[in-house]
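These are the residues of each chain, in order.
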Amino acid sequence: MKLIIGSDHGGLLLKEKVKEYLTSKGYDIEDVGTYTAVSCDYPVIADKVCQKVLADSSNLGILVCGTGIGMSIYANKVKGIRASHCTDTFSARLTRQHNDSNVLCLGERITGFGLALDIVTEWLNASFEGGRHQKRVDMINELDTMRNN
Ligand code: RB5
């Protein structure tokens, strides 16, 4: 499993913290940028992360911007991505267990570094429970097909 991580300028410092922390835990990380504090467009980064998550079903993504919201709005428009904007550990755990979340979104201007690292840990340590949740995740994945029927 590879962790694809990216941020805009508003999430750069938290992205670096998350990367440093997860690297120390032995995770295989690919950082798609941004690498400087120069202003950039979060949809570009969100798209890079989402495409790499979709390329291998064992991959997961982490996106950071100022609020975490712009990244999550973009990522959830990409078919096959289930992005979760989390500001607490309970949601981080449940969104893996119930929604099979494959992208975590964080807001550097919202969530302190300590809590953010706990959220990341909780999200990574939880796994999808399947069962009754599988049908609902299938319904999300098949949204376009369902509408046309
Ligand atoms: C950048 O100023 C900011 O808009 C961005 O990081 C993010 O918060 C958007 O949702």
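Look a little higher up for the structure.
We now turn to the structure provided with this report. All figures in this text were calculated on a predicted structure; none of them were measured in a lab.

## Section: the site of the ligand
Then comes step 1: Around the ligand sit D8, H9, Y42, C65, G66, T67, G70 and R109, and that is every residue in its neighbourhood.
Then comes step 2: At 2.6 Å, a side-chain N or O of D8 approaches an oxygen atom of the ligand.
Then comes step 3: Within the backbone of G66, one N or O atom sits 2.8 Å away from an oxygen atom of the ligand.
Then comes step 4: Across the complex, the protein chains shield 72% of the 300 Å² of accessible surface that the ligand would expose by itself.
Then comes step 5: Per-class residue counts for the shell around the ligand are 2 nonpolar, 4 polar and 2 charged.

## Some details on the pattern of salt bridges
Then comes step 1: Taken as a whole and assessed by the stated rule, the structure comprises 9 salt bridges.
Then comes step 2: Residue D31 is joined to K15 by a salt bridge in which the shortest nitrogen-to-oxygen separation is 2.9 Å. On the criterion of sequence distance, the pair formed by D31 in strand 2 (residues 28–31) and K15 in helix 1 (residues 12–24) is long-range, its members being 16 residues apart.
Then comes step 3: Classification of D31 as buried rests on a relative accessible area of 15%.
Then comes step 4: Its relative accessible area of 0% is what places K15 among the buried residues.
Then comes step 5: With a shortest N-O distance of 3.9 Å, R96 and D100 are connected by a salt bridge.
Then comes step 6: The structure contains a network of salt bridges with shared partners spanning K15, E16, K19 and D31.

## Brief notes about the nonpolar core
Then comes step 1: Membership of the largest hydrophobic core comes to 18 residues, with the highest contact counts inside it found for V18, I62, L104, L106 and V120.
Then comes step 2: Of all the secondary structure elements, the ones that give two or more residues to this core are strand 1 (2–7), helix 1, strand 3 (60–65), strand 5 (103–107) and helix 5 (113–125).
Then comes step 3: Sort the elements by how many residues they give to this core and helix 5 lands first, with 6 residues.
Then comes step 4: Setting aside chain neighbours within four positions, we find L104 in contact with G61, I62, L63, S84, C86, I119, V120 and W123.
Then comes step 5: Core analysis: the second largest hydrophobic core is formed by 16 residues, I45, A46, C50 and I81 among them.

## Some words on the packing of helix 4 (residues 89–99) against helix 5
Then comes step 1: Axis separation between helix 4 and helix 5 bottoms out at 8 Å; the angle between their running directions is 20 degrees. In terms of their interaxial angle, helix 4 and helix 5 are classed as roughly parallel. Considering how the two elements wind past one another, helix 4 and helix 5 form a crossing that is right-handed. Residues T89, A92, R93, T95 and R96 of helix 4 form the contact with helix 5, whose participating residues are L115, D118, I119, E122 and W123.

## Let's talk about the packing of aromatic side chains
Then comes step 1: This model, assessed by the stated rule, comprises 0 aromatic pairs.
Then comes step 2: Cation over ring: R96 sits above W123, and NZ or CZ is 5.5 Å from the ring centre.

## So, the packing of helix 1 against helix 5
Then comes step 1: Interaxial distance between helix 1 and helix 5 falls to 10 Å at its minimum, and their mutual angle equals 50 degrees. The pairing of helix 1 with helix 5 is recorded here as oblique in orientation. The two elements helix 1 and helix 5 cross, and the hand of that crossing is right-handed. Contacts from L13, L14, K17, V18, Y21 and L22 in helix 1 reach F113, A116, L117, V120, T121 and L124 in helix 5.
Then comes step 2: Classifying every residue of the contact of helix 1 with helix 5 by side-chain character gives 10 nonpolar, 1 polar and 1 charged.

Conventions adopted
- Residues numbered from 1 in each chain as written.
- Predicted model: local features only at pLDDT ≥ 70, side-chain atom pairs only at ≥ 80, totals over all residues.
- Heavy atoms only, no water.
- Near = heavy atom within 4 Å.
- Polar contact = N/O pair within 3.5 Å; in protein donor to acceptor, adjacent residues only side chain to side chain.
- Areas by Shrake-Rupley, 256 points an atom, 1.4 Å probe, with all protein chains shown as cover.
- Nonpolar A, V, L, I, M, F, W, Y, C, P; charged D, E, K, R; others polar.
- Salt bridge = Lys/Arg side-chain N within 4 Å of Asp/Glu carboxyl O.
- Helix = DSSP H or I, 4+ residues; strand = E, 2+ residues; numbered from the N terminus.
- Buried < 20%, exposed > 50% of the residue type's maximum accessible area, 1.4 Å probe, protein only.
- Core = buried A, V, L, I, M, F, W, Y, C linked by side-chain atoms within 4.5 Å.
- Contact = heavy atoms within 4.5 Å.
- Axes fitted to C-alpha atoms, helices over the stretch in contact; angles between N-to-C directions.
- Parallel < 35°, antiparallel > 145°, perpendicular 65-115°, else oblique.
- Left-handed = near helix turned anticlockwise from the far one by under 90°.
- Phe/Tyr/Trp six-rings, centres within 6.5 Å; stacked < 30°, edge-to-face > 60°.
- Lys NZ or Arg CZ within 6 Å of the ring centre and 35° of its normal.

By themselves, these are just geometric observations and shouldn't be taken as functional.
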